[in-house]
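Given next are the chains, with one letter for each unit.
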Amino acid sequence: MEQLTGRLRSEHKTLVCMTKIYCEDHHGQHPGGLCGECAALMEYSAKRLAKCPYGEDKPTCANCPIHCYKQQQRELVREVMRYAGPRMPLRHPWRALTHVFDKLRRVVHPRELRRARNRDRQIKP
Ligand code: SF4
Ligand SMILES: [Zn+2]
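Since we're looking at a predicted model, the values are computed, not measured.

(A) Local environment of a positive patch on the surface. Taken together, Arg-111, Arg-114, Arg-115 and Arg-119 make up a surface patch of like positive charges. Looking at the secondary structure, you find Arg-119 in helix H6 (residues 110–123).

Following this line, the structure appears as structure tokens:
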């Protein structure tokens, strides 16, 4: 699994919690709480997060205008969130609350993101 830090790590943990809820109810009990397919999905999401162009300032993936996931994984995560989202406040109230605040973050347009990066590059000696 990719080594994530800060918000990226926390967001991935929230997604894993949600996927465990989904997996248990749809795919049964598995060691570590995830079946092979769901574990592969979490591996994939960790890789995407590690390469996220927004870094620590990322919006939630659901609100992201770039959306870097492939179609299949994107649909799977959407399904997981649709199912587990309403169940999160009961099982993981703190994580659910943090996710609500994350959703309120301003979404930076990719064009704005590129401009900021170019500015940073020009400033560097
Ligand atoms: S979907 Fe958007 S926010 Fe999520 S990892 Fe990909 S680029 Fe970053
Ligand atoms: Zn599963």
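(B) Here's a closer look at the nonpolar core. If you look at the biggest cluster of nonpolar residues, it comprises 19 residues, and the most contacted ones within it are Leu-34, Met-42 and Met-88. Of all the secondary structure elements, the ones that give two or more residues to this core are helix H1 (6–27), helix H2 (36–50) and helix H3 (71–84). Sorting elements by how many residues they give to this core places H1 first, with seven residues. By size, the runner-up hydrophobic cluster in this structure holds five residues, among which are Cys-52, Tyr-54, Cys-64 and Val-108.

(C) Broad picture of H1. Under the 1.5 Å per step criterion, the end-to-end length of H1 is 30 Å for 22 residues, consistent within 8% with the ideal 32 Å. Positive backbone phi, at 85°, marks Gly-28, one or two positions downstream of H1.

(D) View of the coordination of the zinc ion (ligand 2). On the protein side, the zinc ion (ligand 2) has Cys-23 (SG), His-27 (ND1), Cys-35 (SG) and Cys-38 (SG) as donor atoms, found 2.0 to 2.3 Å from it. Mapped onto the sequence, the donors of the zinc ion (ligand 2) take the spacing C-x3-H-x7-C-x2-C. For Cys-38, a relative accessible area of 4% gives the class buried.

Each value, and the rule that gives it
- Residues numbered from 1 in each chain as written.
- Chains lettered and ligands numbered in written order.
- Predicted model: local features only at pLDDT ≥ 70, side-chain atom pairs only at ≥ 80, totals over all residues.
- Heavy atoms only, no water.
- Patch = residues over 30% accessible without salt bridge, like charges linked within 9 Å, V, L, I, M, F, W, Y side chains within 5 Å.
- Areas by Shrake-Rupley, 256 points an atom, 1.4 Å probe, with all protein chains shown as cover.
- Salt bridge = Lys/Arg side-chain N within 4 Å of Asp/Glu carboxyl O.
- Lys, Arg positive; Asp, Glu negative; His and termini not counted.
- Charge placed at Lys NZ, Arg CZ, Asp CG, Glu CD.
- Helix = DSSP H or I, 4+ residues; strand = E, 2+ residues; numbered from the N terminus.
- Core = buried A, V, L, I, M, F, W, Y, C linked by side-chain atoms within 4.5 Å.
- Buried < 20%, exposed > 50% of the residue type's maximum accessible area, 1.4 Å probe, protein only.
- Expected span 1.5 Å × (residues − 1).
- Donors = N, O, S within 2.8 Å, 3.2 Å for Na, K, Ca; no water.

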